[in-house]
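The lines below spell out each chain.
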Amino acid sequence: MTAYAEVIGDPIVQSKSPAIHKFWLGQLGLPHDYRAAHVRPDELADYITARRADPDWRGCNVTMPHKQAIMPLLDAIDPLAAQVGAVNTVVRGADGKLTGYNTDVGGFLEPLRNLLAQKHHFRMARILGAGGAARAIVSALSRQGFVLVLAARDPAKARALLDELASGNDHHAVDLAHFAPETDFEFDDREGLLDLIVNASPLGMAGKPPLAFDFSHAPPGSVVYDIVTHPLDTPLLVEARKRGFPTIDGLSMLIGQAGEAFEKFFGVAPPREHDAELRRILTQ
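Here the structure is a predicted model, which is why all the values come from computation and not from measurement.

Q: Please provide a residue-by-residue account of the overall build of the chain, values included.
A: A count of helical and extended segments in the chain gives ten helices and twelve strands. Its C-alpha atoms give the chain a radius of gyration of 19 Å, near enough to 19 Å, the size a compact globule of 284 residues would have. Taking the principal axes of its C-alpha atoms as reference, the chain extends roughly 65 × 40 × 40 Å. Looking at the chain as a whole, 50% of its 284 residues qualify as buried. Sequence-distant contacts, at least 24 apart, represent 67% of the contacts inside the chain between residues at least 6 apart.

Q: Now, about the sheet that holds strand β4 (residues 76-77): what can you tell me, with residues and values included?
A: The strand order across the open sheet formed by six strands is β2-β1-β3-β5-β6-β4, and the pairing between neighbours is mixed. The sheet is open, and its two borders are formed by β2 (33-38) and β4, each paired with just one other strand. Where strand β5 (residues 89-92) lies against strand β6 (residues 98-101), four bridges are found, and the strand directions are antiparallel. Counted as the bridge partner of Thr-89 is Tyr-101 from β6. Relative to β2, helix α1 (residues 17-28) is tilted by about 170°, and along the sheet it contacts β1 (4-9), β2 and β3 (57-62). Contacts from helix α9 (residues 250-266) reach β1, β2, β3, β5 and β6 within the one sheet, and its direction differs from that of β3 by about 160°.

Q: Let's hear about unusual backbone geometry: which residues, and what values?
A: The omega torsion across Asp-10 and Pro-11 is 5°, close enough to zero to call that bond cis. Assignment of secondary structure puts Pro-11 in the loop between β1 and α1. A cis amide bond links His-230 with the next residue in sequence, Pro-231, at an omega value of 5°. Tracing the backbone shows Pro-231 in the loop between β11 (223-226) and α8 (235-242).

Q: Hey, could you go over the pattern of salt bridges for me, with residue numbers and the actual values?
A: What the rule picks out here adds up to 15 salt bridges. Residues Arg-51 and Glu-6 are paired through a salt bridge, measuring 2.5 Å at the closest nitrogen-oxygen approach. Residue Arg-51 is located in helix α2 (residues 44-52), and its partner Glu-6 is located in strand β1; the two are separated by 45 residues in the primary sequence. In terms of burial, Arg-51 and Glu-6 fall into one category: buried. Between Asp-195 and Arg-126 there is a salt bridge; the shortest N-O distance is 3.4 Å. Taken together, the positions of Asp-195 in strand β10 (residues 193-199) and Arg-126 in strand β7 (residues 122-128) put the pair 69 residues apart, joining distant regions of the chain.

Q: If you had to explain the packing of α1 against α9 to someone new, which residues and values would you point to?
A: α9 packs onto α1 with a crossing angle of 55° between their chain directions and a minimal axis gap of 10 Å. Classified by the angle between their axes, α1 and α9 sit oblique to one another. α9 is crossed by α1, and the crossing has right-handed handedness. Taking contact as the criterion, the partners of Ile-20, His-21, Trp-24, Leu-25 and Leu-28 in α1 are, on α9, Leu-254, Ile-255, Ala-258, Gly-259, Ala-261, Phe-262, Phe-265 and Phe-266. Residue composition of the contact of α1 with α9, by class: eleven nonpolar, two polar and no charged.

Q: Before we move on, can you summarise the environment of His-178 with the specific residues and values?
A: For His-178, the position within the fold is in the loop between β9 (172-175) and β10. Note: C-alpha distance between His-178 and Ala-152 (26 residues apart in sequence) is 9.4 Å.

How each quantity is defined
Residue numbers run consecutively from 1 along every chain, following the written order of its sequence. In keeping with the model being predicted, local features are shown solely for residues with a pLDDT of at least 70 and side-chain atom pairs are shown and tallied solely at 80 or more, while totals for entire chains, interfaces and linings include all residues. Hydrogens and water are ignored here; the side-chain numbers use all heavy atoms of the structure. Comment: elements are numbered from the N terminus, with helices defined as DSSP H or I runs of at least four residues and strands as E runs of at least two. The globule rule is 2.2 Å times the number of residues to the power 0.38, and the radius of gyration it is compared with is taken over C-alpha atoms. For the exposure calls, accessible area comes from a 1.4 Å probe over protein chains only, and a residue counts as buried if that area is under 20% of its type's maximum, exposed if over 50%, partly exposed in between. Contacts: residue pairs with any heavy atoms within 4.5 Å of one another. Between any two strands, at least two bridges found by DSSP are needed for them to pair. Axis definition: a line fitted to C-alpha atoms, limited for helices to the stretch in contact. Angles are taken between N-to-C directions and run from 0 to 180 degrees. Salt bridges, as used here, are contacts in which a Lys or Arg side-chain nitrogen is within 4 Å of a carboxyl oxygen on Asp or Glu. Oblique is the label for any angle not covered by the other classes, which are roughly parallel (under 35 degrees), roughly antiparallel (over 145) and roughly perpendicular (65 to 115). In this scheme the crossing of two helices becomes right-handed for a clockwise turn of the near helix relative to the far one and left-handed for an anticlockwise turn of less than a right angle. Polar here means any residue other than Ala, Val, Leu, Ile, Met, Phe, Trp, Tyr, Cys and Pro, which are nonpolar, and Asp, Glu, Lys and Arg, which are charged; Gly is therefore polar.

So, in structure tokens, the structure goes:
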């Protein structure tokens, strides 16, 4: 039989994970498989029970809406996933035990590594959206010494998320509408500062309303990062580039988190030297 891993979610048809993992398996010549499984919320417990009984199952990636619901069904939770409060990767150990991990944190930080290796006078991130993805992003950036401004339609939800996940007490929760109108705020324009604008919401995704963000809220030199993958070139990123801001798209995080999961599933690092070819495949 063929060892396999898979991605689960509801819905699941939009997932790019099978294309990513199958590409890497093909490049490495490994006889394994990676699949997609549509698992509804009321089917999650039965899914885990069934996969426990399948010796060929190496584990799964977990998308919405299961990242928190799956946690009590597992045998162990990695400390980072426990701190984030969300699991996006389940791995079956040699002993058959199921452990939950969060590779979203590492995946989000991966395209920022060169910047984060530098020293800065000050680091601030404006994060738009306080849903499931924001949990990993808040945890990741807090660990990297950022002061966070978290924007949500419900500022109380943003405040609670910061209190739960961000170290320090200098962080701010604001209404998402705060960033829509123009501002005349005078930002610090010294060199040696690191400012991020992060869209952690589904706004700007195909079929969703656009993200209302006025770039007068972006300090000079800000890096604009949008985790949306469909479309890959979101209106936010298009406008940012027009204004001269460096940008990071959602595939960067997606491929980064998949790389960590691949190694956990199959015991070998993915061939990341082929990332350019992989991106071409994923954007066709």
